[in-house]
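Coordinate inspection notes
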Amino acid sequence: MKRSERLVDMVKYLLARPHTLIALPFFADRYGAAKSSISEDLAILRQTLANDQNGILETVAGAAGGVRYIPFVGKKEATNYLHDLADRIEDPDRILPGNFVYLSDILGSPQDLQQIGQLIATKYAYSNVDYVMTIETKGIAIAQAVSRFLNVPFVMVRRRPKITEGSTISVNYVASSSERVVMVRRRPKITEGSTISVNYVASSSERVEKMELAKRLLPEGSNVLIVDDFMKGGGTLTGMEELVKEFKGTVAGMCVLCETKYASQKVVDDYQSLIKITEVDRTKKLIKVRPGNFLEQTDFNRFPK
């Protein structure tokens, strides 16, 4: 097999298996080539990715070592995309009643989801994430895109119980300034085992609501990345954070596609947003949008020199 053919096949194989350690003898056997030739091939790929700032190829030394592809976006590409996305969201035709913003076309675009997923995966590429978590329904596409690039499972939190999720265990917690404590209850269901639920304060309505996750979906002690499509005050993110704690897990981070200006203080401080909507006025047909804090809070200096 010619080197050019090996390189093409090698790229396809690595891209399909992000964050997966692959032993060099595997490639040597796959292509019937010497390990020295495979090492040279990988050096070419590593340098090309570094020059383009579009992915990192890591080499792990030792008997159990190998090579691993890390999806990673350079700061220039990230900045260009987020400014372009902000310009597109700034279209006044996106303003909906109640000063909400239409984002469904972006969440349904394979190209945008690939960019969004890879950007968030860049931020958390070295955070040892075990699971990606989101809440139904519009966050699902983002969670799936991120989990694809991190190569980890994603779990979906529900706002209301389903008949397929077994008994529900609700717990009390105080969300930020609300200080309202609510019920503890069990609700028997039919199949699939029990779920753990928390009651949280939805920032948009300031009402106590409930979210839940089936026990079997998230192993105890998992390191969880929380993502969502939209954040106003952060109540939903806080609720998911509480759910992770109920599973004795840790939160690797929280990231949203869009955040919007909120009249009261947000109930979360440590989060990233790709886009920030600073003003929406339907009567004036005005919407002002800029990149969020993602660029400032992400370390892009990972590419080899």
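These remarks concern the structure in this document. Small disclaimer: the values here were computed from a predicted structure and weren't measured.

**As for the nonpolar core**
- In this structure, Ile-89, Ile-120, Ile-142, Leu-225, Leu-257, Leu-274 and Ile-275 are the most contacted members of the largest nonpolar core, which totals 41 residues.
- Other than its neighbours up to four places away in sequence, Leu-257 contacts Leu-85, Ile-106, Leu-107, Ile-116, Ile-142, Asp-228, Asp-229, Ser-273, Leu-274 and Ile-275.
- Core analysis: the second largest hydrophobic core is formed by 21 residues, Met-133, Val-155, Ile-226 and Met-240 among them.

**Focus: the packing of aromatic side chains**
- Here the structure, examined in full by the defined rule, presents seven aromatic pairs.
- An angle of 35° between the planes, with centres 5.0 Å apart, marks the rings of Tyr-13 and Phe-26 as tilted. Here the residue Tyr-13 occupies a position in helix H1 (residues 3-15), and Phe-26 occupies one in helix H2 (residues 24-31), the gap between them amounting to 13 residues.
- By relative accessible area, which is 32% here, Phe-26 ends up partly exposed.
- Residues Phe-294 and Phe-300 carry aromatic rings whose centres are separated by 6.5 Å and whose planes lie at 75° to one another, so their mutual orientation is edge-to-face. In this pair, the class of Phe-294 matches that of Phe-300, namely buried.
- Here Arg-17 stacks its cationic end above the ring of Tyr-13, 3.6 Å away from the centre of that ring.

**A word on helix H4 (residues 75-89)**
- Helix length check: H4, at 15 residues, gives a terminal C-alpha distance of 21 Å against a target of 21 Å (1.5 Å per residue), a fit within 8%.
- Every buried residue belonging to H4 is among Ala-78, Tyr-81, Leu-82, Leu-85, Ala-86 and Ile-89, and all of these are buried. The buried residues of H4 occupy an angular sector of 135° when projected down its axis, which confines them to one face. Away from its buried face by more than 90 degrees, H4 exposes Lys-76 and Asp-87.

**What about the environment of Tyr-126?**
- The topology assignment puts Tyr-126 in the loop between helix H6 (110-123) and strand S5 (131-135).
- For the pair Tyr-126 and Leu-150, spaced 24 residues apart in the sequence, the C-alpha separation amounts to 9.6 Å.
- When residues no more than four places from it in sequence are discounted, the contact partners of Tyr-126 are Ile-56, Glu-58, Ile-70, Phe-72 and Arg-302.
- Polar contacts involving the side chain of Tyr-126 include one to the side chain of Glu-58, which spans 2.9 Å.

**Regarding helix H3 (residues 35-52)**
- If you check H3, its first and last C-alpha atoms are 26 Å apart, about what 18 residues at 1.5 Å a residue would give, namely 26 Å.
- Those residues of H3 that sit buried are Ile-38, Asp-41, Leu-42, Leu-45 and Ala-50. All buried residues of H3 project into a common sector of 165° when viewed along the axis, lining one side.
- Where H3 is buried, its residues contact H1, H2, strand S1 (54-60) and strand S2 (66-73).

**Some thoughts on the pairing of strand S14 (residues 286-291)**
- Bridging between strand S13 (residues 272-281) and S14 involves six bridges; their strand directions are antiparallel. In the strand pairing of S14, Glu-279 is matched with Lys-288.
- The hairpin formed by S13 and S14 contains four residues between the paired strands, and Lys-285 there has a positive phi angle of roughly 50°.

**Details of the packing of H4 against H6**
- Running from amino to carboxyl end, H4 crosses H6 at an angle of 130°, the nearest separation of the two axes being 11 Å. Here H4 is positioned oblique relative to H6, judged by the angle of their axes. Here H4 and H6 pass one another in a crossing that is left-handed. Contacts between H4 and H6 involve Glu-77, Ala-78, Tyr-81, Leu-82, Leu-85 and Arg-88 from the former and Asp-112, Gln-115, Ile-116 and Leu-119 from the latter.
- Considered class by class, the residues forming the contact of H4 with H6 number six nonpolar, one polar and three charged.

**Overview of the sheet that holds S5**
- Spatially, six strands are ordered S6-S5-S11-S12-S13-S14 in an open sheet, and the strand pairing comes out mixed. Edge positions in the sheet fall to strand S6 (154-157) and S14, since each has one partner strand and no second. On average, adjacent strands in this sheet sit at an angle of 25° to one another, irrespective of strand direction.
- Note: strand S11 (residues 223-231) against strand S12 (residues 250-260), eight bridges, orientation parallel. Bridged to Ile-226 within S12 is Met-254.
- Lying over the sheet, helix H8 (residues 235-246) contacts S5, S6, S11 and S12, oriented at roughly 165° with respect to S11.

Basis of the calculations
- Residues numbered from 1 in each chain as written.
- Predicted model: local features only at pLDDT ≥ 70, side-chain atom pairs only at ≥ 80, totals over all residues.
- Heavy atoms only, no water.
- Core = buried A, V, L, I, M, F, W, Y, C linked by side-chain atoms within 4.5 Å.
- Buried < 20%, exposed > 50% of the residue type's maximum accessible area, 1.4 Å probe, protein only.
- Contact = heavy atoms within 4.5 Å.
- Phe/Tyr/Trp six-rings, centres within 6.5 Å; stacked < 30°, edge-to-face > 60°.
- Helix = DSSP H or I, 4+ residues; strand = E, 2+ residues; numbered from the N terminus.
- Lys NZ or Arg CZ within 6 Å of the ring centre and 35° of its normal.
- Expected span 1.5 Å × (residues − 1).
- Arc of directions from axis to C-beta.
- Polar contact = N/O pair within 3.5 Å; in protein donor to acceptor, adjacent residues only side chain to side chain.
- Pairing = 2+ DSSP bridges.
- Axes fitted to C-alpha atoms, helices over the stretch in contact; angles between N-to-C directions.
- Parallel < 35°, antiparallel > 145°, perpendicular 65-115°, else oblique.
- Left-handed = near helix turned anticlockwise from the far one by under 90°.
- Nonpolar A, V, L, I, M, F, W, Y, C, P; charged D, E, K, R; others polar.

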